Amino acid sequence: MAELSNAPAPSPETLVDIYRRMIRIERNDDAIRKTIRLGRLTMPYYSARGQEVIPSTVSAFLNNDDTICTIYRGIHDMVAKDMPLRPLWAEIAGRVDGTCKGKGGPMHLTHPETGVMVTTGIVGSSMPIANGLAWAALLDGSKRVTVAYFGDGASNIGAFHESLNLASVWKLPVIFVCQNNGFAEHTRYENGTGVDFISKRAAGYGMPGYTVDGNDPWAMYAAVHEAVARARDGEGPTLLECKTFRFMGHVFGDDDKYMTKEEKAEAIAKDPLPAFRARLIAEGHATEEQLAKMQADIEAEVEDAQEFGLASEFPSVDELRRDVFAEEIPA
Amino acid sequence: MAELSNAPAPSPETLVDIYRRMIRIERNDDAIRKTIRLGRLTMPYYSARGQEVIPSTVSAFLNNDDTICTIYRGIHDMVAKDMPLRPLWAEIAGRVDGTCKGKGGPMHLTHPETGVMVTTGIVGSSMPIANGLAWAALLDGSKRVTVAYFGDGASNIGAFHESLNLASVWKLPVIFVCQNNGFAEHTRYENGTGVDFISKRAAGYGMPGYTVDGNDPWAMYAAVHEAVARARDGEGPTLLECKTFRFMGHVFGDDDKYMTKEEKAEAIAKDPLPAFRARLIAEGHATEEQLAKMQADIEAEVEDAQEFGLASEFPSVDELRRDVFAEEIPA
Amino acid sequence: MSGKKMNALQAVNAALAKAMEQDPKVIVFGEDVADREGGGVTGATAGLSTRFGDDRVKSTPISEQAIIGAAIGAALGGYKPVAEIMLMNFTTVAMDMIFNHAAKLRFMSGGQSQVPITIRTLTGAGWQTAGQHADHLEGWFAHTAGIKVVAPSNPAEYYGLLLSCIQDPDPCIFIESAGTLFIPGEVPDDQAPIPLGKARVVQEGTDVTIVSWSSQLVRCQQALPALAEAGISVELVDLRTVSPWDKEAVLASAAKTGRVLIAHEAVRSFGPGAEIAATVNEELYGKLKAPVRRLGAPYSPVPFSKPLEDAYIVSPERVAEAVKGLMA
Amino acid sequence: MSGKKMNALQAVNAALAKAMEQDPKVIVFGEDVADREGGGVTGATAGLSTRFGDDRVKSTPISEQAIIGAAIGAALGGYKPVAEIMLMNFTTVAMDMIFNHAAKLRFMSGGQSQVPITIRTLTGAGWQTAGQHADHLEGWFAHTAGIKVVAPSNPAEYYGLLLSCIQDPDPCIFIESAGTLFIPGEVPDDQAPIPLGKARVVQEGTDVTIVSWSSQLVRCQQALPALAEAGISVELVDLRTVSPWDKEAVLASAAKTGRVLIAHEAVRSFGPGAEIAATVNEELYGKLKAPVRRLGAPYSPVPFSKPLEDAYIVSPERVAEAVKGLMA
Ligand SMILES: Cc1ncc(C[n+]2csc(CCOP(=O)(O)OP(=O)(O)O)c2C)c(N)n1
Ligand SMILES: Cc1ncc(C[n+]2csc(CCOP(=O)(O)OP(=O)(O)O)c2C)c(N)n1
Ligand SMILES: [Mg+2]
Ligand SMILES: [Mg+2]
């Protein structure tokens, strides 16, 4: 684990922007879970409630043409990247106005306009593909960066290793962001992972690796700042291990019996959202009214998206013959 | 990279035994290459000339029931493990008296009696299987250890990562022996590997890793001693990176154009075989006559094996229906 | 004959317990399978680690290559490993271990190595898990020399076939499919292992033979009432073992009825049904009353959207329609 | 029409150079492909990095998942990657990337993502490389929705089909097979891309249709003289693209001759020939003069020992025998 160099402090605007992304993630997640509970959406849903700080801080450094590859537990990453919510909702409802015409669903949302290039349900597979996007940026001579999101459990699969090594040898502008929520499905970190900090693996690829408090926007800011600067400056990849917790279990409906009530309660007590909000106000970066207004706007956006998504049509069965190849498969 | 703890020095008997294994490897390799050149054997052959010290020292610590999993460049590992040469020669000649009735060939030699459990042609695949053998030893409550041999290039493939992590989490009695000869086929170490020492990767799995001069029997002795002791004592796996060089290129017939003449000449000048022999005599561990006799015996053994192998019959084509399953496939 | 009503997952659980009880060399592992991790995400292994100990029932990291590698190695070391690959699509990350090693070691070693492993894996469309979680890949494994492919369709079959896979001296892939999982069925208390490679006649008939397995067999069964009503006498054959498959049973039934429909959930194109169709045509050339027909998924990844997923799956109605087509 | 005599590897080299010349988005990578590493272990990529630069022609670590992942990502970033997986058996370590991602991303993204990658890979028995280096797995890829499977058999075909694969907007796997590699052939200087999905009639005939591809096609060609001598008029169809396959061409030929033999190097059981046989039987039911026959490798891993390897491969003699059997 390397020590972080000195990084500039985030500006008030940036802090508020990070908060905006966080609350947008949280309000959207809340609405999705309510809608599932009401039986108006059926899908496997992997809530990232509790992990908002990570992609919100990362996204504050990204431009629209910077790209991300994320995972089944990745709707927060997309929302943080400012993916529009209407096609998001239509997609998770399996409707034709969805980002993927309803064909991909919540585990395969794709929205190139906002840089959401791949969402995958296969553990570890965001990383090898992210390398390719980063390589394309290099070949283009651009300064674009690519972020690969993945979980702590994913750091034990072969694709992680091959990806970090290739990125290092080729000096790719890619950032490997591990959202370490302490569990891989029902398996506790230490029962699947042979090392105390995933960031220690970075040394095995000759790249810097940092373990960061993934619930602390300031700590995240410093780490992402360095990683993005390295990538844009042609210095190659960085591994960020961001420690966090998922409040809702692995998948919607999970009974959490593999964790103790206490540890869960303790984690939820440290919910970064209200704490960050309070601090923004206390430090004078935003006012109560501003943040209330922001939240109301976001709630309206979410509600509109939900209505839009659920009102959209289902795709025609002809879609089974489309997009398999560029040319339609004959009936 | 951890520092090695103090290990006992090898006894004179052990040193001579290591030399015996080395010369047996070298004489056998020489005979194989001659026989191919004469057109009396056709097979893909991956000479390990130059890498003799590594498996010879490792094998000095292994019992018959300790197991190894090795690779296409692995005949030296088998010979070091005292696999009998007659069935070895019959196998590489594709004959029915071969270890595998001629069905496996030089890349898949198997000889459970001497602990040669798997020989594989897929880079990286010796490691996951070695874990299973080590796990079986644990479950049996035995002190058996398993050695997984592999190359430097193999340390960049996913199976390496998954295997070292699982071995660490399960504390398996396995030793990962990387024979780092500086090249993966035609690719130089540094052009494929993002780190200067493969042993540094061990820290990413919470296991000790050492870089050792793989041409120095004393250095190897100390490292293997520690790794085997750890494994037998239930302390789990160790990664040994043993630096060496392959004198004959990747595969028989390789024109070596990816390396410089100088580096090859320099490596060959450091051939550990004559140097070790001279030192054994100089330090009084063995006499010139003893070693000459040893070599003559080995040459006779090799010649006998070669004759045996080339005189053996080819298998019947019915063998295509045998050993696919335990039960023969009906004609 | 007394028995217990249970679903397929409970049958898997019971069979694993039985196998572990009978043979101390049987070990069970995979992601989340131990009770500390909740006994498996579907509960198929619940209670086993508590009962048989944490040494014999182990949760693993998310490392499918390492899982199958450990299974192979433990098998070479004398054990009978039952490894779980959570979903069949994830066998692709371990495909080298399965294809190049597990299936080939006995042959490549000239019979010295045996690899009596069982790979349990779940798959199947119907749960809107979309493109990467629901493929039926039995055709790939059937095309792989050296591994047996088993695909049961009701609880008693799950129980009996899983016991046989575990006892078998060769590698087996045991496919648990969504459409079969939660239909309760009686498992006799003394349910014996069901021999591999033997088909089962679910219903006898004289007009048309349907050959199917796994979830698609359930949907074929659901088509039977409508076909009976239409006056068509259907012989429904559950292949059970896709490879090596029971040629004799299929050909006997086909010879009797002269009309054959093969239905599976896997993609139709280059799918496992083609082998059966090609063989029936070859062996019964000139003796059939109608061309052999095949039903399978369209040439498409599994879609998410419900109406698309419904259309992707071969429904009982389409089975009935195809059978009627054969009679026309 | 002037041209050059070359072997298949030289044709691959020429096609890669042509594609890179025409389109700056074409990039080439894989283990040892750059000139620093000798330009590929077979020399197929020799000279390319020197000519087009080290950025566009890159050697990789031994990391097949990372190779295919990089290809997919670069494709999403607007490039046309040609990735080499040294041998087809090694596609199994990258199978997740190929099957769950490359083949599915267009569909799962509702058409937003395109993955115009070409995976070049070598395989085939005959070189005594034994069980883990010689499998013909085109059947697996043909059963995978979303990837095209191309298997040429002579230098001009290698050249023209590889150009088409690279230009194609979808993923293609391009199979280079041992039995085709060193037979020289004329490649016209202006050899155009050969359309994917279209078969080629190698020889017209009226008695029997042989459908084949890749190395096995070469062995079928070698059987032609003996068959001509025996007075049998053979129509030999080179499928070229195994998936999507040219149903029209095969059915037209089969309808003409009424007798069909399908021959491939892949294992016969559950192999790609079964799809073709099943389809011919289905579409030409009652119109054939003999049962459709299939030849392929036995249900066995590839053996090392020369006589076994010889027996493993379907020889020209066995092709001729099977054709004669169809006429009997
Ligand atoms: C290759 C593969 N193996 C197993 C799974 C099943 N699976 C889905 S999520 C998951 C846990 C992943 O844990 P982690 O990487 O920590 O991410 P998190 O879900 O905690 O965000 C597993 C095992 C999978 N999707 N892919
Ligand atoms: C998965 C896989 N990819 C590629 C190959 C082709 N290949 C055979 S040996 C080799 C180089 C291996 O290098 P290293 O691990 O250093 O071992 P060495 O040959 O130097 O002993 C390669 C790339 C293979 N056999 N398996
Ligand atoms: Mg996690
Ligand atoms: Mg090497």
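Note that the structure is predicted; figures quoted are calculated from it, not measured. (Residues numbered from 1 in each chain as written. Chains lettered and ligands numbered in written order. Predicted model: local features only at pLDDT ≥ 70, side-chain atom pairs only at ≥ 80, totals over all residues. Heavy atoms only, no water.)

1. Comments concerning the coordination of the magnesium ion (ligand 4)
Residue and element names in this part refer to chain B.
- For the magnesium ion (ligand 4), the full set of protein donor atoms is Asp152 (OD), Asn181 (OD1) and Phe183 (O), and the range of their distances to it is 2.0 to 2.1 Å.
- On the primary sequence, the residues serving as donors to the magnesium ion (ligand 4) are separated as D-x28-N-x1-F. Of this pair, Asp152 sits in the loop between β3 (146-151) and α6 (158-169) while Asn181 sits in the loop between β4 (174-180) and β5 (183-184), and the two are 29 residues apart along the sequence. The pair Asp152 / Asn181 is uniform in exposure class, with both members buried. (Donors = N, O, S within 2.8 Å, 3.2 Å for Na, K, Ca; no water. Helix = DSSP H or I, 4+ residues; strand = E, 2+ residues; numbered from the N terminus. Buried < 20%, exposed > 50% of the residue type's maximum accessible area, 1.4 Å probe, protein only.)

2. Section: the interface of chain C and chain D
- Tallying the contact residues gives 55 residues for chain C and 55 residues for chain D.
- For the chain C and chain D pair, buried surface summed over both sides reaches about 4,900 Å², with 60% attributable to carbon and sulfur atoms.
- The largest per-residue losses of area from chain C upon contact with chain D belong to C:Trp140, C:His143 and C:Phe270, which jointly make up 19% of the total buried on that side.
- Linking chain C to chain D there are 9 salt bridges.
- Ionic pairing is found between D:Lys104 and C:Asp135, a salt bridge with its closest N-O pair at 2.4 Å.
- If you look at where chain C meets chain D, you find 37 residue pairs in polar contact (both at pLDDT 80 or more).
- Secondary structure elements with two or more residues in the side of chain C that touches chain D: α4 (95-102), α5 (105-108), α6 (138-142), β12 (241-243), β13 (260-267), α11 (272-283) and β14 (293-297) of chain C.
- Here the side of chain C that touches chain D takes 8 residues from α11(C), the largest share from any one element. (Contact = heavy atoms within 4.5 Å. Buried area = accessible area lost by both parts, 1.4 Å probe. Salt bridge = Lys/Arg side-chain N within 4 Å of Asp/Glu carboxyl O. Polar contact = N/O pair within 3.5 Å; in protein donor to acceptor, adjacent residues only side chain to side chain.)

3. Concerning the coordination of the magnesium ion (ligand 3)
- Listed as protein donors to the magnesium ion (ligand 3) are A:Asp152 (OD), A:Asn181 (OD1) and A:Phe183 (O); their distances from the metal cover 2.0 to 2.1 Å.
- Judged by its relative accessible area of 5%, A:Phe183 falls in the buried class.

4. Quick notes on the packing of aromatic side chains
- Throughout the structure, instances matching the rule amount to 31 aromatic pairs over all chains.
- Looking at C:Lys58, its charged tip hangs above the ring of B:Trp170, at a distance of 4.9 Å from the centre.
- Above the face of the B:Phe325 ring, C:Lys148 is positioned so that its terminal group lies 4.7 Å from the ring centre. (Phe/Tyr/Trp six-rings, centres within 6.5 Å; stacked < 30°, edge-to-face > 60°. Lys NZ or Arg CZ within 6 Å of the ring centre and 35° of its normal.)

5. What about the interface of chain C and chain B?
- The interface is formed by 40 residues belonging to chain C together with 37 residues belonging to chain B.
- Taken together, the two surfaces of chain C and chain B that pack against each other cover about 3,100 Å², and 70% of this comes from carbon and sulfur.
- On the chain C side of the interface with chain B, the three residues burying the most area are C:Phe107, C:Met108 and C:Gln112, jointly 20% of the side's total.
- Taken together, chain C and chain B are joined by 1 salt bridge.
- We note a salt bridge from B:Asp140 to C:Lys25, for which the minimum N-O separation is 3.6 Å.
- Seen at the junction of chain C and chain B, the total is 12 residue pairs in polar contact (both at pLDDT 80 or more).
- Going through the elements one at a time, β2 (26-30), β3 (57-59), α3 (64-76), α4 and α5 of chain C are the ones with two or more residues in the side of chain C that touches chain B.
- The element contributing the most residues to the side of chain C that touches chain B is α3(C), with 9 residues.
- Considered class by class, the residues forming the side of chain C that touches chain B number 17 nonpolar, 15 polar and 8 charged. (Nonpolar A, V, L, I, M, F, W, Y, C, P; charged D, E, K, R; others polar.)

6. Examining the state of the cysteines
Residue and element names in this part refer to chain A.
- Tallying each qualifying case throughout the model produces 0 disulfides over all chains.
- No disulfide involves Cys69; its sulfur sits 14 Å from the nearest other cysteine sulfur, which is in Cys100.
- By relative accessible area, Cys69 is classed as buried at 0%. (Disulfide = S-S within 2.5 Å.)

7. A few points about the site of ligand 2
- In the vicinity of ligand 2 lie 20 residues, with B:Arg73, B:Gly121, B:Asp152, B:Gly153 and D:Glu64 positioned nearest.
- Around ligand 2 the close residues trace back to chains B and D.
- Contact distances for ligand 2 include 2.8 Å between an oxygen atom and a side-chain N or O atom of B:Tyr72.
- A distance of 2.8 Å separates an oxygen atom of ligand 2 from a polar atom in the backbone of B:Gly153.
- Residue classes in the shell around ligand 2 are distributed as 10 nonpolar, 5 polar and 5 charged. (Near = heavy atom within 4 Å.)

8. Structural notes on the confidence of the model for chain C
- Across chain C, the average pLDDT comes to 98, with 100% of residues at or above 70.
- In the predicted assembly, ipTM is 0.98 and pTM is 0.98. (pLDDT = per-residue confidence, 0-100.)

9. Concerning the sheet that holds strand β10 (residues 208-212) of chain C
Residues and elements named next belong to chain C.
- A sheet is described by the order of its strands in space; here 5 strands give the open sequence β9-β11-β10-β13-β14, paired in mixed fashion. Two strands lie at the open edges of the sheet, namely β9 (200-203) and β14, each paired on one side alone. Going from strand to strand, the sheet's axes swing by 25 degrees on average, the running direction of each strand aside.
- Note that β9 and strand β11 (residues 234-238) share 3 bridges and pair antiparallel. Paired with Gln203 across the two strands is Leu236, which belongs to β11. (Pairing = 2+ DSSP bridges. Axes fitted to C-alpha atoms, helices over the stretch in contact; angles between N-to-C directions.)

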